[in-house]
Amino acid sequence: MALASMTGFARSLGESGPVRWTWELRSVNGKSLDLRIRIPTGLETLEPQIRERCGKVLRRGNVSIGLAMQRDQSEQQLQVNESALDAVLSTIELLKQRVPDLTPPSLDGILSQKGVFELKEPDDDEEFQAALHAALLTTLDAALIDLIDMRHTEGQAISDVVTGQIDRIAALTEAAEHLPARMPEAIKARLKKQVSDLLDVSDGQLDPQRLHQEAVFLATKADIREELDRLHAHVAAVRDLMNSGGAIGRRLDFLAQEFNREANTLCSKSNDVELTAIGLDLKAVIDQMREQIQNLE
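Residues numbered from 1 in each chain as written. Predicted model: local features only at pLDDT ≥ 70, side-chain atom pairs only at ≥ 80, totals over all residues. Heavy atoms only, no water.

## Details of the overall build of the protein
The number of helices and strands found in the protein is 9 helices and 6 strands. Relative to its full complement of 297 residues, the protein shows a buried share of 36%. Within the protein, residue pairs in contact and separated by at least 24 positions form 80% of the contacts whose partners lie at least 6 positions apart. For the protein, the accessible area works out to roughly 17500 Å², and carbon and sulfur atoms hold 53% of it. (Helix = DSSP H or I, 4+ residues; strand = E, 2+ residues; numbered from the N terminus. Buried < 20%, exposed > 50% of the residue type's maximum accessible area, 1.4 Å probe, protein only. Contact = heavy atoms within 4.5 Å. Areas by Shrake-Rupley, 256 points an atom, 1.4 Å probe, with all protein chains shown as cover.)

Structure (C-alpha cells):
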C-alpha cells in the first residue's frame, strides 16, 4: 500500500434534475480522523452514510466536508406569505387610527414588503429524494477518490524525502561505528591517560579499588555499542514500515522519538570531537525527518 499524506483537497460537481451541487473536501494533519460535515438543512439523514464512506478510506486527518446546493429557479413557486401579509395590513390599520390623514399605501407598496412574497421549493416525492441522495453520495465517492489520490501523491513525495533522511542516519551511524576513536587501541590509550591524570591529581595516593572503579566507569561511559545497535535496528524498522506502506505515521513518529533518544545518549557519552559532531548531525536529520513523518497518515 502506498503512503498517504494527511493534507489534500478535492472538489466534485453533480446534478439531478433541477438540482446542482458541489462537494468540497479539505484535509489537514490530525492525531486521529476528525470529520467536520456541513450539509444543507434537510439532508441530515445523509450524515451517517457520509461518515461511513469517509471512515472506510481515511485513517487520520482533520477533514472538512462541505456540500453547496442550488436549485433551478424555474422550479420555484412564487406565493404569498399569509402571515406576513396579515402583519403588514394590521400595521397599516394601526397607522390609520393614529394618523387619520395618512395617504393609504398602494398595492405595490404592500406587496413589496419583505416576506410578503416568497419563493417556495416544490415538494419532492420520495422517488425524487431517493435518486437525489444516491447521486449525492456517488459524487461524494468521486471526491473522496480525488482526495485520496492527492494524499497519495504527497505521501510519495514525503516518502522520497524520508528515505533520503533514513539513508543519511544509516550513514552517520556507520561513521560512528568506524571512528578511529572507538578502536580498542584508542580507547586503551585514552583510559591510560585519564587514569594517569587521576594519579597526578591525587599525588599517587589513589586507592587501587577506587582506581579500578574509575577505570570501569570511564570504559562504560565510552562504550556506545548499545546505542549503535539500537540505531541500526531503528533504521531497519523504518525501512520495513516504509516498504509495508499504509497508515504508518504513528509508528514512524514513535521510531523518530527513539532515534532522538539514542542520538542524545550518544552525545552525552561522547568524549571525542568527531563523535559529538556525528551525534549533532544525527539530531538535526532526525528532527527534519520527524517534521516530514508527522504529515503522514
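## With respect to the nonpolar core
I169, L252, F259, L282 and M289 are the most contacted members of the largest nonpolar core, which has 31 residues in total. Of all the elements in the fold, those that place two or more residues in this core are α4 (126-177), α7 (225-244), α8 (249-269) and α9 (273-293). Leaving out residues up to four positions away in the same chain, F259 has contacts with I166, I169, L231, H234, V235, V238, I286 and M289. With 26 residues, the next largest nonpolar core counts W21, L25, L137 and L140 among its residues. (Core = buried A, V, L, I, M, F, W, Y, C linked by side-chain atoms within 4.5 Å.)

## Concerning the packing of α4 against α9
If you want to describe how two helices pack, look at the angle between their axes and the distance between the axes. For the pair α4 and α9, interaxial distance at closest approach is 10 Å and the crossing angle is 165°. Looking at the two axes, α4 sits roughly antiparallel to α9. The element α4 and its partner α9 pack so that their crossing is left-handed. Residue-level inspection shows I158, V161, V162, Q165, I166, R168, I169, L172, T173, A175 and A176 of α4 in contact with α9, the latter providing L275, I278, D281, L282, V285, I286, Q288, M289, Q292 and I293. Considered class by class, the residues forming the contact of α4 with α9 number 15 nonpolar, 4 polar and 2 charged. (Axes fitted to C-alpha atoms, helices over the stretch in contact; angles between N-to-C directions. Parallel < 35°, antiparallel > 145°, perpendicular 65-115°, else oblique. Left-handed = near helix turned anticlockwise from the far one by under 90°. Nonpolar A, V, L, I, M, F, W, Y, C, P; charged D, E, K, R; others polar.)

## Details of the side chain of T139
One can find T139 in helix α4. We classify T139 as buried; its relative accessible area is 13%. Within the structure, the side chain of T139 is placed 2.9 Å from the side chain of W21, a separation counted as a polar contact. Only 3.1 Å separates the side chain of T139 from the backbone oxygen of A135, close enough to count as a polar contact. Residue contacts for T139: discarding those within four places in its chain leaves S12, L13, G14, W21 and W23. (Polar contact = N/O pair within 3.5 Å; in protein donor to acceptor, adjacent residues only side chain to side chain.)

## A short note on the sheet that holds strand β4 (residues 61-71)
Reading across from one edge, β1-β2-β4-β3 is the order of the 4 strands in this open sheet, with mixed pairing throughout. The sheet is open, and its two borders are formed by β1 (8-16) and β3 (33-38), each paired with just one other strand. Along the sheet, successive strands turn relative to each other by an average axial angle of 15°, direction set aside. In the sheet, β1 pairs with strand β2 (residues 19-28) via 9 bridges, with the strands oriented antiparallel. Bridging across to β2, A10 finds its partner in L25. Across the face of the sheet, helix α1 (residues 47-57) comes into contact with β2, β3 and β4 while running at roughly 145° to β3. Docked against the sheet, α4 engages β1, β2 and β4, running at close to 155° with respect to β1. (Pairing = 2+ DSSP bridges.)

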